[in-house]
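One letter stands for each residue in the lines below.
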Amino acid sequence: MDDEEEQQKLPDLVKALVHHLLSQNLPPNSPPLNPNSSHFRNSLRYAHRILSSHLTPSITPDAAAVAESIKRRLATEGRSSEALSFADLYTKFVSKAADVDNKWALLHLFNIISQDRKTAVKSQLDASGFLPNLTISDNNNNVPRRIENKGWSDGVVVLAKDPDNRRDIAFREYVKLVKEENDVTEEAMVTDVLYACQGVDGKYVKYDNENRCYVLLDSIRVSRGTAGMVHRLCELGVLFKKVVGYIEQSLGRFQTEDVGTVGQAFCSALQNELSDYYKLLAVLEAHSSNPIPLMSESASSVNYLSLRRLAVWLAEPMVKMKLMADLVEKCRVLRGGAMAGAIHLHARHGDPMVHEFMKRLLQRVCSPLFEMVKRWVLEGELEDIFTEFFIVGQPVKAESLWREGYRLHDAMLPSFISASLAQRILRTGKSINFLRVCCEDRGWAQAATEVAIDTGAAARRGGFGYGETDTLESLVDEASKRIDKHLLDVIYERYKFKEHCLAIKRYLLLGQGDFVQYLMDIVGPELSGPANTISSFKVAGLLETAIRASNAQYDDPDILDRLRVKMMPHESGDRGWDVFSLEYDARVPLDTVFTESVMARYLRIFNFLWKLKRVEHALIGAWKTLKPNCITSNSFIRLQSSVKMQLVSALRRCKVLWVEINHFISNLQYYIMFEVLEISWSNFLSEMEVAKDLDDLLAAHEKYMDSIVEKSLLGELSQSLYKSLVVIFDLILRFRSHADILYEGIHELQAKITESSLSSRDQQKTRKKSKDKSLDEGSWIADGRKALTQRAGEFLRKMEQDLDAITKEYTSLQEDFISQLPVQQHVDLKFLFFRLDFNDFYRRVVS
């Protein structure tokens with residue numbers, strides 16, 4: 001029952017609509033319309049024929065688009081209030097008429113009726129009185145009858161079902177409308193567009209220099225759709241002019257400026273792409289000569305060209321031309337690797353067509369760069385006339401070639417080459433030049449040839465250029481591995497790098513004990529004098545004597561020849577100990593490792609170790625002075641007991657202080673010589689074995705130097721400790737001087753006592769012979785013993801006071817030094833504190 005009601009509902013609605021429309025057109029004071037009249041029945045039948053027709057209007061079946069078109073028309077006619085009312089009604093219609101399928105058809109029908117009622121003349125309407133210009137079939141026959149309407153031009157032709165003439169009538173009406181709207185044929189527009197795509201002005205389309213675009217002449221009249229399509233298609237010509245202008249400008253700069261090989265390759269790639277574009281335009285021009293068939297005609301050939309067909313043909317060239325124009329704009333001020341990197345950024349695109357186009361373009365652009373890379377890693381040649389490679393070189397001395405001769409130019413590094421790969425490329429070519437210039441070696445050529453042979457086959461299989469990152473990395477890695485290995489072999493075997501490092505450790509770092517001890521013994525007297533009185537030639541001779549008197553004489557003569565004496569600049573008051581030093585002559589190519597700054601650090605370490613050795617040497621001399629067999633107390637038997645006690649006390653204090661100082665110096669020297677120098681040397685040897693290139697070797701040696709400097713109190717964080725230690729060294733040397741003074745004073749007293757004893761015996765013999773009773777026996781002797789006793793007491797008392805002052809000062813300095821050790825950052829310095837305070841004697845100082 002519900003279905004039947006629904007089927008009956010639609011005819012009733014149509015009947016009500018027709019009745020309503022006819023009632024609105026009745027004259028005033030006329031009787032109501034009779035639904036059974038012939039006029040009403042004919043109109044209703046005509047409405048049913050229209051609604052049941054299979055013809056559809058040539059519009060998009062989109063209700064929202066039709067509604068938007070109606071609102072726009074009302075707004076342009078100045079009927080804004082009606083446009084708002086229509087929008088409100090449309091919203092209600094959409095929300096409530098959910099079961100209506102073709103909402104767009106109803107809206108279109110209402111729109112046509114509204115336009116027809118506004119423009120139609122009442123005398124020209126048929127019996128319906130309100131419908132548009134229609135072709136109505138007679139009831140008696142099927143011959144269509146067209147009602148002439150000379151005044152209607154903007155309506156729609158609704159055709160009957162007659163198959164004989166409905167298409168012809170529609171096409172003729174369409175052609176008539178097109179001719180009325182356009183002064184220029186579509187063939188002429190296509191021709192002008194093709195001219196514009198080649199950067200040439202046409203008859204109706206001209207280039208506007210001010211706005212930099214192609215425009216239609218104001219004197220011609222074309223439809224808005226045609227003008228918009230021409231404007232969009234002519235954008236290709238604007239882009240074409242930009243690309244061609246860049247190429248011509250670059251070609252002009254080739255003669256006067258350094259455009260660069262990458263820039264030339266870029267222009268060549270653009271021209272190659274434009275050649276395909278020219279071929280397409282030639283094909284399109286051939287098609288444009290064919291006439292465009294009417295819609296009512298069956299085209300004899302499909303090779304005609306309309307604006308819409310041209311848009312399809314130029315869709316892909318438009319994308320490519322936009323890319324090229326964008327690249328031209330971005331690369332106008334770039335060159336070399338920077339240009340290649342900027343182009344590479346545009347290759348990251350999800351469209352396969354764009355990606356393939358950019359890859360093809362980059363393969364040509366990057367070809368010069370990859371050729372430079374290949375020559376650099378295989379031959380060490382840097383032919384970069386236009387400064388476009390990401391490696392730059394500068395003229396330097398041989399010893400600075402590795403560190404300063406070549407560097408990366410980050411601005412020219414393409415983004416498709418990683419920083420690590422660029423570093424490997426730089427090091428490989430640098431190694432070749434180092435072997436060629438500094439080592440005077442040609443063995444690298446064989447290694448490079450092997451790399452070229454091994455990677456040549458891979459390059460032929462996969463290509464060597466942009467997009468072949470694996471092949472590039474394979475070439476660089478293989479070349480780097482072989483050439484770096486050859487370089488290290490030359491450094492180790494031919495130039496004996498390990499032997500020279502060991503020689504520096506033995507002589508500059510005082511690791512050759514017998515040589516150092518003998519050298520200090522023979523140069524000590526010479527260096528004790530003022531610095532300005534010392535002859536460097538004499539000291540050099542003493543150095544040669546020390547070499548020949550120790551096991552150093554068995555070393556390689558080339559190593560011994562590099563060991564020399566160097567007298568540092570001195571000031572007034574400096575002693576020879578303060579300016580004496582040794583230096584090692586590191587020649588090419590070893591001076592790449594042992595640079596001036598490195599040797600200055602070695603010199604600083606040597607000066608510290610030399611001071612430590614001098615203090616040790618002074619303590620040994622003091623012990624020789626104070627040992628029991630050097631001082632005999634038999635000569636003091638005749639002196640008073642108080643003087644003898646003073647002597648014993650002074651000697652005891654001196655020995656106790658010596659033992660304490662010796663404990664400190666011995667442990668400090670053990671720490672420096674073994675826990676610092678030997679362990680650092682062992683680590684350096686281990687890292688030297690695993691070094692893969694010269695950079696690794698330099699890094700290992702730098703780490704070796706840093707370890708020694710930091711652990712031996714010479715680092716920036718240990719300056720306060722070092723200054724305290726220097727003050728302690730000076731105090732120990734003062735102690736040695738006081739010990740010498742004590743020994744000399746005791747020796748002088750011994751001599752006076754011995755002389756006094758001899759004089760006393762001679763006087764006794766003389767008295768016995770003369771038998772002079774008037775002489776007071778022993779008076780002179782008593783007076784001499786008294787004077788000696790007084791003199792010895794004063795001397796010993798003064799020495800005790802000096803020793804007390806030195807002891808007190810040393811205790812204060814040592815406590816200050818030890819108290820700083822636990823707070824040091826380096827862990828080895830904390831172990832030095834443990835060694836110095838192994839029995840917690842100084843624990844109270846720390847707490």
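Parameters at a glance
Residues numbered from 1 in each chain as written. Predicted model: local features only at pLDDT ≥ 70, side-chain atom pairs only at ≥ 80, totals over all residues. Heavy atoms only, no water. Helix = DSSP H or I, 4+ residues; strand = E, 2+ residues; numbered from the N terminus. Buried < 20%, exposed > 50% of the residue type's maximum accessible area, 1.4 Å probe, protein only. Contact = heavy atoms within 4.5 Å. Areas by Shrake-Rupley, 256 points an atom, 1.4 Å probe, with all protein chains shown as cover. Phe/Tyr/Trp six-rings, centres within 6.5 Å; stacked < 30°, edge-to-face > 60°. Lys NZ or Arg CZ within 6 Å of the ring centre and 35° of its normal. Patch = residues over 30% accessible without salt bridge, like charges linked within 9 Å, V, L, I, M, F, W, Y side chains within 5 Å. Salt bridge = Lys/Arg side-chain N within 4 Å of Asp/Glu carboxyl O. Core = buried A, V, L, I, M, F, W, Y, C linked by side-chain atoms within 4.5 Å. pLDDT = per-residue confidence, 0-100. Axes fitted to C-alpha atoms, helices over the stretch in contact; angles between N-to-C directions. Parallel < 35°, antiparallel > 145°, perpendicular 65-115°, else oblique. Left-handed = near helix turned anticlockwise from the far one by under 90°. Nonpolar A, V, L, I, M, F, W, Y, C, P; charged D, E, K, R; others polar. Lys, Arg positive; Asp, Glu negative; His and termini not counted. Pairing = 2+ DSSP bridges. Expected span 1.5 Å × (residues − 1). Polar contact = N/O pair within 3.5 Å; in protein donor to acceptor, adjacent residues only side chain to side chain. Disulfide = S-S within 2.5 Å.

Draft legend 1. Structural view of the overall build of the chain. Secondary structure summary: the chain contains 30 helices and 8 strands in total. Evaluated residue by residue, the chain yields a buried proportion of 42% over its 847 residues. Counting contacts in the chain only where the partners sit at least 6 residues apart, residues at least 24 apart contribute 71% of the total. When the accessible area of the chain is evaluated, it comes to approximately 46,300 Å², of which 52% is carbon and sulfur surface.

Draft legend 2. Spatial organisation of the packing of aromatic side chains. Using the criterion set out here, one finds 26 aromatic pairs in the structure. Between tyrosine 492 and phenylalanine 497 the ring centres are 6.3 Å apart and the planes differ by 40 degrees, which places this aromatic pair in the tilted class. Since its relative accessible area comes to 0%, phenylalanine 497 is described here as buried. Ring geometry for tryptophan 577 against tryptophan 610: centres 5.8 Å apart, planes inclined by 35 degrees, an arrangement best described as tilted. Here tryptophan 577, found in helix 23 (residues 576–579), pairs with tryptophan 610, found in helix 24 (residues 596–626); they are 33 residues apart in sequence, far enough to count as distant. A single burial state applies to tryptophan 577 and to tryptophan 610, both of which are buried. One cation-aromatic arrangement involves lysine 241 over tyrosine 207; the distance from NZ or CZ to the ring centre is 4.8 Å. When the ring centre of tryptophan 402 is taken as origin, the NZ or CZ atom of lysine 430, which lies over that ring, is 4.5 Å away.

Draft legend 3. A look at a nonpolar patch on the surface. A contiguous nonpolar surface patch, about 240 Å² in accessible area, is contributed by Leu17, Leu106 and Phe110. Within the secondary structure layout, leucine 106 lies in helix 5 (residues 103–119).

Draft legend 4. How the structure looks around the pattern of salt bridges. Tallied over the entire structure, the rule returns 33 salt bridges. Here arginine 332 ties to glutamate 329 by a salt bridge, and the two come within 3.8 Å at their closest N and O atoms. Judged by its relative accessible area of 29%, arginine 332 is partly exposed. Judged by relative accessible area, which is 44%, glutamate 329 ranks as partly exposed. Of the charged contacts in the structure, one is a salt bridge between aspartate 740 and arginine 736, with a shortest N-O distance of 3.1 Å. Of this pair, aspartate 740 and arginine 736 both sit in helix 27 (residues 719–770), 4 residues apart, which is roughly one turn of the helix. Residue class for arginine 736 comes out partly exposed when judged on its relative accessible area of 23%. Shared partners join several salt bridges into a network, and the residues in it are Asp558, Asp561, Arg562, Arg564, Asp585 and Arg587.

Draft legend 5. Region of the structure containing unusual backbone geometry. Cis geometry marks the peptide bond from valine 588 to proline 589, where omega comes out at 5 degrees. Residue position: proline 589 is located in the loop between strand 8 (580–584) and helix 24. Here the phi dihedral of threonine 387 falls at roughly 55 degrees; this positive angle occurs in a residue that is not glycine. With respect to the helices and strands, threonine 387 occurs in the loop between helix 14 (367–379) and strand 5 (391–393).

Draft legend 6. Main features of the environment of tyrosine 304. Along the chain, the position of tyrosine 304 falls in the loop between helix 9 (261–288) and helix 10 (307–313). Given the relative accessible area of 18%, tyrosine 304 is considered buried. Between the alpha carbons of tyrosine 304 and alanine 286 there is a distance of 8.8 Å; along the sequence they are 18 residues apart.

Draft legend 7. Quick peek at the nonpolar core. Ranked by size, the top nonpolar core spans 207 residues in total, and within it Phe497, Phe515 and Phe594 carry the most contacts. The biggest single contributor to this core is helix 25 (residues 641–690), with 18 residues. Each residue touching phenylalanine 594, except ones within four places of it in the same chain, is listed here: Phe497, Cys501, Ile504, Ala586, Met599, Tyr602 and His701. Residues Ala63, Ala67, Ala83 and Trp104 belong to the second largest nonpolar core, which totals 10 residues.

Draft legend 8. Molecular detail of the confidence of the model for the chain. Overall, the predicted model of the chain reaches an average pLDDT of 79, with 79% of residues at or above 70. Within the chain, the element-level pLDDT minimum falls on strand 1 (residues 135–137), averaging 38, and the maximum on helix 19 (residues 497–507), averaging 95. Between residues 121–162, whose pLDDT stays under 50, and residues either more than four places distant or in other chains, the model counts 76 contacts. Scored below 50 in pLDDT, residues 766–783 shows 9 contacts in the model against residues more than four places distant or in partner chains.

Draft legend 9. Geometry of the packing of helix 11 (residues 315–330) against helix 13 (residues 352–365). In the contact formed by helix 11 and helix 13, the axes pass within 11 Å of each other and the chain directions differ by 45 degrees. Classified by the angle their axes make, helix 11 and helix 13 are oblique. Helix 11 and helix 13 meet at a crossing whose hand is right-handed. Taking contact as the criterion, the partners of Glu316, Val319, Lys320, Leu323, Met324 and Leu327 in helix 11 are, on helix 13, Met353, Val354, Phe357, Met358, Arg360 and Leu361. For the contact of helix 11 with helix 13, a count of residues per class yields 9 nonpolar, no polar and 3 charged.

Draft legend 10. Spotlight on the side chain of lysine 430. As for its placement among the helices and strands, lysine 430 is situated in helix 16 (residues 419–437). It is aspartate 695 that comes nearest to the buried, bridge-free lysine 430 among opposite-charge side chains, at 4.6 Å. Residues in contact with lysine 430, not counting those within four places in the same chain, are Trp376, Trp402 and Tyr406.

Draft legend 11. Region of interest: the pairing of strand 4 (residues 213–216). Where strand 3 (residues 205–208) and strand 4 come together, 4 bridges link them in antiparallel fashion. Each bridged residue has a counterpart across the sheet, and for aspartate 208 the counterpart in strand 4 is cysteine 213. Here strand 3 hands over to strand 4 after 4 residues, with arginine 212 in that stretch at a positive phi of 55 degrees.

Draft legend 12. How the structure looks around helix 14. Its 13 residues place the ends of helix 14 18 Å apart at the C-alpha level, agreeing with the 18 Å of an ideal helix rising 1.5 Å per residue. Backbone geometry just downstream of helix 14 places glycine 380 in the positive-phi region, at approximately 70 degrees.

Draft legend 13. The packing of helix 14 against helix 16, seen in detail. The contact between helix 14 and helix 16 brings their axes to 7 Å, and the two run at 45 degrees. Classed by the angle they form, the pair helix 14 and helix 16 counts as oblique. With respect to the hand of their crossing, helix 14 and helix 16 are arranged in left-handed fashion. Counted together, Val373, Trp376, Val377, Leu378 and Glu379 of helix 14 and Ile425, Leu426, Thr428, Gly429, Lys430, Ile432, Asn433 and Arg436 of helix 16 form the full contact between these two elements. A per-class count over the contact of helix 14 with helix 16 returns 7 nonpolar, 3 polar and 3 charged.

Draft legend 14. Expanded view of the side chain of glutamate 273. Inspection of the secondary structure assignment puts glutamate 273 in helix 9. Judged by its relative accessible area of 7%, glutamate 273 falls in the buried class. Non-local contacts of glutamate 273, meaning those with residues more than four positions away in its chain, are made with Met324, Phe357, Arg360 and Leu361.

Draft legend 15. Structural view of the environment of aspartate 351. Note that aspartate 351 resides in the loop between helix 12 (336–345) and helix 13. Overall, aspartate 351 belongs to the partly exposed group, its relative accessible area being 31%. Among the polar contacts made by the side chain of aspartate 351, one reaches the main-chain amide nitrogen of methionine 353 at a distance of 3.1 Å.

Draft legend 16. Structural view of the state of the cysteines. According to the stated counting rule, one finds 0 disulfides in the structure shown. With no disulfide of its own, cysteine 213 lies 9.4 Å from the sulfur of cysteine 234, the closest cysteine sulfur. The buried category is assigned to cysteine 213, whose relative accessible area is 18%. There is no disulfide at cysteine 234, and the cysteine sulfur nearest it, in cysteine 197, is 6.4 Å away.

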